[in-house]
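# Fold and geometry: a report
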Amino acid sequence: MISAKAGSLFLALVMAFSVVPSAVAKKKKKNDVEQIGNRKVAHRSLISREKEIAIGKQYSTEIDRTAKLIKDPVVNEYVNRVGQNLVRNSDATIPFTFKVIDHPALNAFALPGGFIYVHSGLLLAAEEEDELAGVLSHEIAHVTARHWASRMTKASILQMLQIPLMIFTGGLSYPAFYGIWNAYGFAVPLAFMSFSRGAETESDFLGLQYMYKAGYDPEAYVSFFGKLLEQNRKNPGSIPKIFASHPPTPDRILKAEDTIEKILPERDRYLVTTSEFDDVKSRLQTVISQMRGEAEARDKDRPTLRRRPPSDRGESGGEDEDDKPPVLKRRD
């Protein structure tokens, strides 16, 4: 039998993490823009902040090792400055790191713990700084709401519900309970970049508030999705696969427009773009061209293996003695 103490703990955890996200959003009054920075928007999780940051750092180290990072100090300083300004105008409670990857996709993604990566394709496709700010705000919102940690916690609880009840015979202490959860909860691949539709909708909602708080025109976020929609119309299937789990783009546009109209008071002036944005885009194009030119040069200098032509193998074109596989014979 399950002990009363263990059973109560387990039931409390299941109840705590099965709350409907929309109900949680209403209780926390996330539509109060003036309270940004003084409100709690993070979902509950069994994963500590420290553990979440450590996991994010581990994934970040692997990405840094394998991806083509843009290491130009001017480009990185600019993206980091825009990102940190948005972080200061968000509900974030942890430090953030921003990096740029040489990749043509119109995409960006957030790792748990505040590590955000921007694809060069997104930077080059953005027409003004506020479009870039809108995407960064969305990724910042994923981290502030702790979507990854919440998702892992819910998955762990569901897995534990499938554990045969016999293992609870004699009662279950908290250390044992935590050990089982820990064993099931961290074997997670890079699929954390794909969030649920509910999480994407919430990040749209919070991200619009963050960019508005930082002084940007929230309509720029809508224009970015319009750009994705137009790109997909002209070239079906061109949108990154990671967007497959997001709400349909037309639906997100409508919801974003509704959020802007209902909770974001109109301002006389917005920060749209800067001359520095155009300078950084031009510099990024130059940096990418140099990187690819250097890569092509390295490829040319590498030794290549070629099969010898038949003329080098004898007149018959057959295999030389050295090319023939060894033959095994039974000893008499």
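Presented here is a report on the structure given in the accompanying data block. (Residues numbered from 1 in each chain as written. Predicted model: local features only at pLDDT ≥ 70, side-chain atom pairs only at ≥ 80, totals over all residues. Heavy atoms only, no water.)

## Quick look at the environment of Lys 154
We count it as follows: Labels follow the DSSP assignment, with helices taken as runs of H or I lasting at least four residues and strands as runs of E lasting at least two, numbered in each case from the N terminus.
Tracing the backbone shows Lys 154 in helix H7 (residues 147-161). For the pair Lys 154 and Ser 45, spaced 109 residues apart in sequence, the C-alpha separation works out to 8.2 Å.

## What about the pairing of strand S3 (residues 115-119)?
The test is simple: Burial classes follow relative accessibility: with a 1.4 Å probe on protein chains only, a residue under 20% of its type's maximum area counts as buried, one over 50% as exposed, and anything between as partly exposed. When DSSP locates at least two bridges between a pair of strands, those strands are taken to pair.
Of all the five residues making up S3, five are buried; the element is thus mostly covered by neighbouring parts of the structure. Bridging between strand S1 (residues 97-101) and S3 involves five bridges; their strand directions are parallel. The residue bridging Ile 101 from the neighbouring strand is His 119, located in S3. Direction of pairing for strand S2 (residues 108-111) relative to S3: antiparallel, over a ladder of four bridges.

## Examining the packing of aromatic side chains
The cut-off we apply is this: What counts as a ring pair is set by centres within 6.5 Å for rings of Phe, Tyr and Trp (its six-membered ring), and what kind of pair is set by the plane angle: stacked under 30 degrees, edge-to-face over 60, tilted for all other angles.
Taken as a whole and assessed by the stated rule, the structure comprises five aromatic pairs. Between Phe 109 and Tyr 117 the ring centres are 5.3 Å apart and the planes differ by 15°, which places this aromatic pair in the stacked class. Across this residue pair, the class does not change: Phe 109 and Tyr 117 are buried. On the numbers, 4.9 Å between centres and 85° between planes, the contact of Tyr 221 with Phe 225 is edge-to-face.

## Description of empty space enclosed by the protein
How we decide: A cavity here means a set of 1 Å grid points, computed over protein atoms only, where a 1.4 Å probe fits but cannot escape. A pocket is an open set with protein on both sides within 12 Å along at least 5 of 7 lines, and lining residues have an atom within 4 Å of a point. Grid points are joined across faces, edges and corners, and a volume is the space filled by probe spheres set on the points. Three residue categories are used. Nonpolar comprises Ala, Val, Leu, Ile, Met, Phe, Trp, Tyr, Cys and Pro, charged comprises Asp, Glu, Lys and Arg, and polar comprises the others, including Gly.
Under the defined criterion, the tally for this structure stands at two cavities of 30 Å³ or more. Empty space within the second largest cavity amounts to approximately 50 Å³. Lining the second largest cavity are Glu 52, Ala 110, Leu 111, Pro 112, His 142, Val 143, Arg 146, His 147, Trp 148 and Phe 195. Listing elements by their share of the lining of the second largest cavity, those giving two or more residues are S2, helix H6 (129-144) and H7. Residue classes in the lining of the second largest cavity are distributed as six nonpolar, two polar and two charged.

## Some words on the side chain of Gln 209
Formally: In protein, a polar contact means a hydrogen-donor-capable atom and an acceptor-capable atom, both N or O and within 3.5 Å, with residues adjacent in sequence counting only if both atoms are side-chain atoms; elsewhere, any N or O pair within 3.5 Å suffices. Two residues form a contact once any of their heavy atoms are found within 4.5 Å.
Turning to its location among the elements, Gln 209 is positioned in helix H9 (residues 197-213). For Gln 209, a relative accessible area of 0% corresponds to the buried category. A distance of 3.0 Å separates a polar atom in the side chain of Gln 209 from a polar atom in the side chain of Arg 39. Discounting chain neighbours no more than four positions away, the residues touching Gln 209 are Lys 30, Asn 31, Asp 32, Val 33, Ile 36, Arg 39, Ile 263 and Leu 264.

## A few points about the nonpolar core
This is how the line gets drawn: Remark: nonpolar core denotes a set of buried residues (Ala, Val, Leu, Ile, Met, Phe, Trp, Tyr, Cys) joined through side-chain atoms within 4.5 Å.
Leu 86, Phe 96, Phe 98, Leu 136 and Ile 140 are the most contacted members of the largest nonpolar core, which totals 53 residues. Examining the composition of this core, we find that seven residues originate from one element, H6, more than from any other. Ranked by size, the runner-up nonpolar core spans 15 residues in total, among them Ile 55, Tyr 59, Phe 109 and Leu 111.

## Examining the environment of Thr 66
Among the secondary structure elements, Thr 66 is positioned in helix H3 (residues 49-66). What makes Thr 66 exposed here is its relative accessible area of 53%. Side-chain polar atoms of Thr 66 contact the backbone oxygen of Glu 62, separated by 3.0 Å.

## Re H9
Let me state the cut-off plainly: The span you would expect from a helix comes to 1.5 Å times its residue count less one.
With 17 residues, H9 should cover 24 Å at 1.5 Å per step; its first-to-last C-alpha distance of 24 Å lies within 8% of that length. The buried fraction of H9 is high, at twelve of 17 residues. All of the buried residues in H9 are Ala 199, Glu 200, Glu 202, Ser 203, Asp 204, Leu 206, Gly 207, Leu 208, Gln 209, Tyr 210, Met 211 and Tyr 212.

## Focus on the sheet that holds S2
To keep it simple, the criterion reads: Here an angle of 0 to 180 degrees is reported between the N-to-C directions of two axes, which are lines fitted to C-alpha atoms, with helices fitted over the stretch in contact.
Read across the open sheet, the three strands follow the order S1-S3-S2; overall the sheet is mixed. In this open sheet, the two strands that pair with only one neighbour each are S1 and S2. The mean angle between the axes of side-by-side strands here comes to 20°, regardless of whether they run parallel or antiparallel. The sheet contacts of H3 involve S1, S2 and S3, and relative to S3 the element is tilted by about 30°.

The values are spatial; any link to function lies outside them.
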